[in-house]
Every structure is written in C-alpha cells, then in structure tokens.
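Each chain is listed here by its residues.
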Amino acid sequence: VGSAQAAGMDAVIGTSPGAMSPRATVCSYGARLQETALGAYVADSMRAGSGAEIAIECGGHLVESLPGGSLTRADAEEVFAGDLQVAVVEVTAGQLFDLLEYAVGSAGLDEAERLDEETGSDCFPQISGFSFEFDVSQLAGRRLRWVMLDDGTVLRREDTRGLTAALPMDMLDGTLGFSMLDGMSYRTVGTQSQLLIEYIQGQGTVEIPSTGRISMLGSADQTLYETLHVQGFLPYVILLILLFRIPKLVREWRTKERETLEH
C-alpha cells in the first residue's frame, strides 16, 4: 500500500512553464507582505473548485514553490504549511472591507519608507475574483481605498449585496483573528491541496497569472507608472511615443541619404 501511495504522489498531474514562489526575492517581499503569482494561482484554484464568486488565501499558508516543468501531487501538497479545509461563506461588502483592512493592517514601512519585511503577516491576502487598492502609509483600519470585482463592479462598504467567498478554515475558526467572520455558517469543499491538484489537472499546462490584483500606495517601493495607475495603458503609451518618434527618424534617414548621394 505504501509503495502504491508513493507512486500516486509521484504521478504527473500537469506541467508549468515556470516556477512560482511564495518567498521573498530581489523583486518580491513574499506572500506574507505582497501579492505573488503563486498566491493568485492558489486563490484561483480555490475559487474554481468551490464555485464561489471570490476567494482569499492567506500568504502564511504558502511555504514551498510550485516548480516549473512536470508537476506531481507531491509538488502541490508541499506548497502548503498545512492542508486546511477550504470553506464557502457568504459575506457582505462591509465584511469584505473589514477583513481586508485586517489582513493588510500589519504591513509597515522601514526608515527608508520601503516595506519592512519584519511586518509580514500570515494573514496577508492572496486573492481571486476581485482587486483592491490600499495605502500602507495610512493607519491600520483606514487603508483600503477601493475594491472592485472582476466584472467591473465597484463595491462600497455600505453595499448590502452578499458575495460567496472561498476561505481557508483558519480564517473562520478564530485562529488568525478575523473576528468579523466569527459564527458564520459555511460549507467545506475540500482541502487546499485537493483544489490545487484538480485545478492543475484541469488546465494541463499551468497558466501562470500576472500580478496586479492588489495595488499598494504609500511606499517608496512603488514605481512612477504604478503611482499614476498606467500599467494597463503602458502599451498605448509606447505606441504613442513610437508614432511621434518614427516620422522624425524617417526624416533623419532621408536627410542622411541625400547627403550621401550628394557626396
């Protein structure tokens, strides 16, 4: 039986064009302080596997990378610190705002006004189905600026609509301190690794998500184009520059060609 189980763990469930890491790198503070592709992918798997409208994974649950190349069940299971159940609950917009405020509330800045790695939190959200922006320079509890669903709906704190959300059980049982979720009724849909395995198998070839679901203001880590919110318009900016630049280049080339012919 043991060897059969081992063989099952080594069975290939899909392939990935590259690795996705939860750890800090030269360009990332890691999933406990910043959005990561791995966190987004895991949250996507929770949303897809549960049928919920949105999903939130906690950065502290992600401890190992999902490697590139062939992926096995063991690779998927090793991503998580513990294989928690995923539950679906219904939250109001106000509850979503409150839990996001709490989730980003520990993030802090160092003397250079950059993110302080020591302020990373297990609660930091990795999300699917929506996006949001927060200002890390503001007081905890007053950082959230906006929340928007993937369909373009902008949520307000006072909205009464309910949203189905897939969450890990430790967000609901008080372990991580999400008091706004205390006492909620829920249904479980499987463990984190089960949903991730099913998601990888469904895709066959992993589609690594791009980041940009979480926008952060108030840190020296921001680039100018992030501050101006032009990430989505960058290709158009480049095109405009080329449209203005190309005629000048053509004139310069023609001038040089005439000078060459004259000589």
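Whatever comes next refers back to the structure up there.
These numbers were taken from a predicted model, which means no experiment stands behind them.

(A) View of the layout of surface pockets. By volume, the second largest pocket is sized at about 170 Å³. Lining of the second largest pocket is provided by 14 residues; of these, Pro 22, Tyr 29, Gly 30, Ala 31 and Arg 32 occupy positions nearest its centre. In terms of residue class, the lining of the second largest pocket is built from seven nonpolar, four polar and three charged.

(B) Inspection of the packing of aromatic side chains at higher detail. Applying the stated criterion across every chain yields a total of five aromatic pairs. Judged by centre distance (5.0 Å) and plane angle (55°), the rings of Tyr 41 and Tyr 199 are tilted. With Tyr 41 in helix 2 (residues 37-50) and Tyr 199 in helix 5 (residues 192-203), this pair connects stretches of sequence that are 158 residues apart. Given a relative accessible area of 0%, Tyr 41 falls into the buried group. Among the aromatic residues, ring-to-ring pairing joins Phe 124, Phe 130, Phe 132 and Phe 134 into one connected group.

(C) Region of interest: the pattern of salt bridges. Under the defined criterion, the tally for this structure stands at 11 salt bridges. Note that Arg 114 and Asp 221 form a salt bridge whose closest N and O atoms lie 3.1 Å from each other. Residue Arg 114 is found in the loop between helix 4 (93-104) and strand 5 (125-128), and its partner Asp 221 is found in the loop between strand 11 (214-217) and helix 6 (224-227); the two are separated by 107 residues along the sequence. Using a relative accessible area of 39% as the deciding quantity, one classes Arg 114 as partly exposed. When its relative accessible area of 22% is taken as the criterion, Asp 221 is described as partly exposed. For Arg 156, the salt bridge identified is with Glu 158, shortest N-O distance 3.9 Å. In the salt-bridge network here, residues are joined through shared partners; they are Asp 98, Glu 101 and Arg 157.

Cut-off values and rules
- Going along each chain's sequence as written, the residues are numbered from 1 onward.
- Per-residue local features are limited, in this predicted model, to residues with pLDDT of at least 70; the limit for side-chain atom pairs, both in listing and counting, is 80 or more; totals at the level of whole chains, interfaces and linings are taken over all residues.
- Hydrogens and water are ignored here; the side-chain numbers use all heavy atoms of the structure.
- Put simply, the grid is 1 Å and covers the protein atoms alone, a cavity is a trapped set of points that fit a 1.4 Å probe, a pocket is an open set with protein on both sides within 12 Å along at least five of seven lines, and lining residues have an atom within 4 Å of a point.
- Grid points are joined across faces, edges and corners, and a volume is the space filled by probe spheres set on the points.
- Gly is placed with the polar residues, together with every amino acid not listed as nonpolar (Ala, Val, Leu, Ile, Met, Phe, Trp, Tyr, Cys and Pro) or charged (Asp, Glu, Lys and Arg).
- Here the aromatic set is Phe, Tyr and Trp, taking the six-membered ring for Trp, and pairing holds for ring centres within 6.5 Å; pairs whose planes are under 30 degrees apart are stacked, those over 60 apart are edge-to-face, and all others are tilted.
- Each helix is a run of DSSP H or I of at least 4 residues and each strand a run of E of at least 2, with the numbering of both proceeding from the N terminus.
- Three labels apply to residues, based on accessible area from a 1.4 Å probe with only protein chains included: buried if under 20% of the type maximum, exposed if over 50%, partly exposed otherwise in between.
- A pair is scored as a salt bridge if a Lys or Arg side-chain nitrogen falls within 4 Å of a carboxyl oxygen belonging to Asp or Glu.

Fair warning: the whole summary comes from geometry, so function is off the table for now.
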